[in-house]
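Descriptive analysis of the structure
For reference, the chains in residue letters:
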Amino acid sequence: MSSRTLPLLFINLGGEMLYILDQRLRAQNIPADKAKKVMNDIITTMFNKKFLEELFKPQELYSKKALRTVFDRLAHASIMRLNQASMDKLYDLMTMAFKYQVLLCPRPKDILLVSFNHMDAIKDFVKDTPSILSQVDETYQQLVEMYTPLPSGEFQLIRQTLLIFFQDMHIRVSIFLKDKVQSSNGRFVLPTCGPVPHGTQVPGLIRIFSCNGEELTRLQFNNGGNYTAALREGSFEIFGDRVTKLGTNMYSVSRPVETHMSGTSKNSTQHTKQVNTAPNPLAKEELNLLARLMGGLEVQKPGNADSGFRVNLFATDEEEEEALISRPDELSYGVINIQATKDQQTNAELAKIMGEFSESGDQSPSASSKGDDLLAMMDGL
């Protein structure tokens, strides 16, 4: 397990979330100024300096429930509102899209190119807002400095950590099903064709050498696929051609996107739930870390009835309601309420973080965000 995985997971899921929200804001004909405000507010919160300082500290991945809590707060960092069913669908689409990208990466290090594609797109969203763009650029530089020097073995650990995180998630997505890259049980179909990873050769040849290093003979075999020579390596600089399309916006062409719970996913999740019924000794520590990480992610309350609006990720309100009713309890991520008020009084570091968010987000504390204290919330895990 790699302790450097969380920033990449957060950046890539955040990028997918922005792709989806951008597409839905356009589809629902939300006025351009309101749509722009939503995207800017979310990106500002995502790239808050103190928030990222906590995120970039070496640490284990959070649970799915804890990570879902972070993105629930991020999605509501502006005047936009999502009902629970739409938030469930948003999170499902985000996670399955990134899972597919991780599986398709030719080399473990290419996960960084996927991350850079997401960062390039995020920069494009805020290209007309210099103050936010500078926040994104600072994080971009941090990613380059932290990850480009890492050896291949560390990227293999990062990839393995990500796949372990995603292994029980088998949500069927209509785009993947139509493109025949996902089967009816929610598992992805990996290709046996296309370019091989950079630095490797097309399989199909065995060379036998003597103990002196001289080539003795060659044997050819059928590799069972239709592979081609490797493409040139993508750029790991801030400005450059990534070559891979993984991590770019697959919603740029308007297509309806639906999600469906597969029976396999339901059974896997039920099994996981039964296994995890024993008290988790790390629960308290995770909640404390989560509180520190999220201290300032306050949900913004619209100032008046006209300024706020709801986004529906389904075609109709009826479909959204039906999805909420039909979703198995095992697949509903309970969102943890984090109350940082008590911590503010006792933890100077957390108070500073919350102060930073208040200044940068220009948001007033919301009474609805107050919950139980951390010890009480342990019962909810």
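These remarks concern the structure in this document.

Rules of the game
Residues numbered from 1 in each chain as written. Predicted model: local features only at pLDDT ≥ 70, side-chain atom pairs only at ≥ 80, totals over all residues. Heavy atoms only, no water. Helix = DSSP H or I, 4+ residues; strand = E, 2+ residues; numbered from the N terminus. Buried < 20%, exposed > 50% of the residue type's maximum accessible area, 1.4 Å probe, protein only. Contact = heavy atoms within 4.5 Å. Areas by Shrake-Rupley, 256 points an atom, 1.4 Å probe, with all protein chains shown as cover. Core = buried A, V, L, I, M, F, W, Y, C linked by side-chain atoms within 4.5 Å. Patch = residues over 30% accessible without salt bridge, like charges linked within 9 Å, V, L, I, M, F, W, Y side chains within 5 Å. Salt bridge = Lys/Arg side-chain N within 4 Å of Asp/Glu carboxyl O. Lys, Arg positive; Asp, Glu negative; His and termini not counted. Charge placed at Lys NZ, Arg CZ, Asp CG, Glu CD. Pairing = 2+ DSSP bridges. Axes fitted to C-alpha atoms, helices over the stretch in contact; angles between N-to-C directions. Parallel < 35°, antiparallel > 145°, perpendicular 65-115°, else oblique. Left-handed = near helix turned anticlockwise from the far one by under 90°. Nonpolar A, V, L, I, M, F, W, Y, C, P; charged D, E, K, R; others polar. Phe/Tyr/Trp six-rings, centres within 6.5 Å; stacked < 30°, edge-to-face > 60°. Lys NZ or Arg CZ within 6 Å of the ring centre and 35° of its normal.

Attention shifts here to the overall build of the protein chain. When its secondary structure is counted, the protein chain shows 15 helices and eight strands. Within the protein chain, the fraction of its 381 residues that count as buried is 47%. Taking as baseline every contact in the protein chain between residues at least 6 positions apart, the subset at least 24 positions apart corresponds to 81%. A total of about 18600 Å² of accessible surface is found on the protein chain, and carbon and sulfur atoms cover 51% of it.

Quick look at the nonpolar core now. The nonpolar side chains of soluble globular proteins are, as a tendency, buried together. Of all hydrophobic cores here, the largest spans 83 residues; its most connected members are F10, F71 and L90. With sequence-adjacent residues up to four places away left out, F10 is seen in contact with M46, F51, L52, L55, V70, F71 and L74.

With that settled, the discussion passes to a negative patch on the surface. On the surface, E318, E319, E321 and E322 cluster together to form a negatively charged patch. When you line up the elements, E319 lands in helix α12 (residues 317–326).

Our next topic: the pattern of salt bridges. Across all of its chains, the model carries 14 salt bridges by this definition. E53 is paired through a salt bridge with K50; the nearest N and O atoms lie 3.7 Å apart. Taken together, the positions of E53 and K50, both in helix α3 (residues 49–55) and three residues apart, correspond to about one turn of that helix. Look at E53 and you get partly exposed, because its relative accessible area is 36%. Taking the shortest distance from any N to any O, the salt bridge between D137 and K123 comes out at 3.1 Å. Remark: K123 occurs in helix α6 (residues 110–125) and D137 occurs in helix α7 (residues 130–147); sequence separation between them is 14 residues. Residue D137 is classed as partly exposed on the basis of its relative accessible area of 28%. Through salt bridges with shared partners, a single network forms among R68, D72 and D88.

The next thing to look at is the pairing of strand β4 (residues 205–209). Note: β4 against strand β5 (residues 215–220), five bridges, orientation antiparallel. Of the residues in β5, the one forming a bridge with I208 is T217. Counted between consecutive antiparallel strands, the loop separating β4 from β5 contains five residues, among which G213 sits at a positive phi close to 90°.

One way to put it is that helix α4 (residues 64–75) packs onto helix α5 (residues 84–104) with a least axis distance of 11 Å and a crossing angle of 115°. Comparing their axes, α5 and α4 come out roughly perpendicular. Crossing hand, α4 versus α5: right-handed. Contacts between α4 and α5 pair K64, L67, R68, F71, D72 and A75 from the former with Q84, M87, D88, L90, Y91 and M94 from the latter. Class assignment of the residues belonging to the contact of α4 with α5 gives a composition of seven nonpolar, one polar and four charged.

Close contact between helix α1 (residues 5–27) and helix α2 (residues 32–46) brings their axes to 11 Å; oriented N to C, the two are set at 170°. Regarding the angle of α1 to α2, the classification is roughly antiparallel. Touching F10, G14, M17, L18, L21, D22 and L25 of α1 are A35, V38, M39, I42, I43 and M46, all from α2. Considering only residue class, the contact of α1 with α2 consists of eleven nonpolar, one polar and one charged.

So, on to the packing of aromatic side chains. Enumeration according to the criterion identifies nine aromatic pairs in this entry. Taking the centre distance of 4.9 Å and the plane angle of 35° together, the rings of Y100 and F188 count as tilted. Of this pair, Y100 sits in helix α5 while F188 is found in the loop between α9 (174–178) and β3 (193–195), placing the two residues 88 residues apart along the sequence. Of the residues examined, Y100 reaches a relative accessible area of 14% and is grouped as buried. Between F165 and F166, the aromatic rings sit 5.3 Å apart at their centres with planes inclined by 75°, giving edge-to-face as the arrangement. Three or more aromatic residues link up through ring pairs in this structure, and these residues are F10, F51, F71 and Y91. Against the face of F165 rests K64, its NZ or CZ located 5.0 Å from the ring centre.

Together, I206, I208, L216, L219 and F221 give the surface a local cluster of nonpolar side chains, amounting to about 440 Å² of exposed area. Put simply, the parts of the chain that give the nonpolar patch at least two residues each are β4 and β5. Residue placement: L216 occurs in strand β5.

Relative to the elements of secondary structure, F71 occurs in helix α4. Residues F71 and G14, 57 residues apart in the sequence, show an inter-C-alpha distance of 7.8 Å. Setting aside chain neighbours within four positions, we find F71 in contact with F10, L13, G14, M17, M87, Y91 and M94.

Fair warning: the whole summary comes from geometry, so function is off the table for now.
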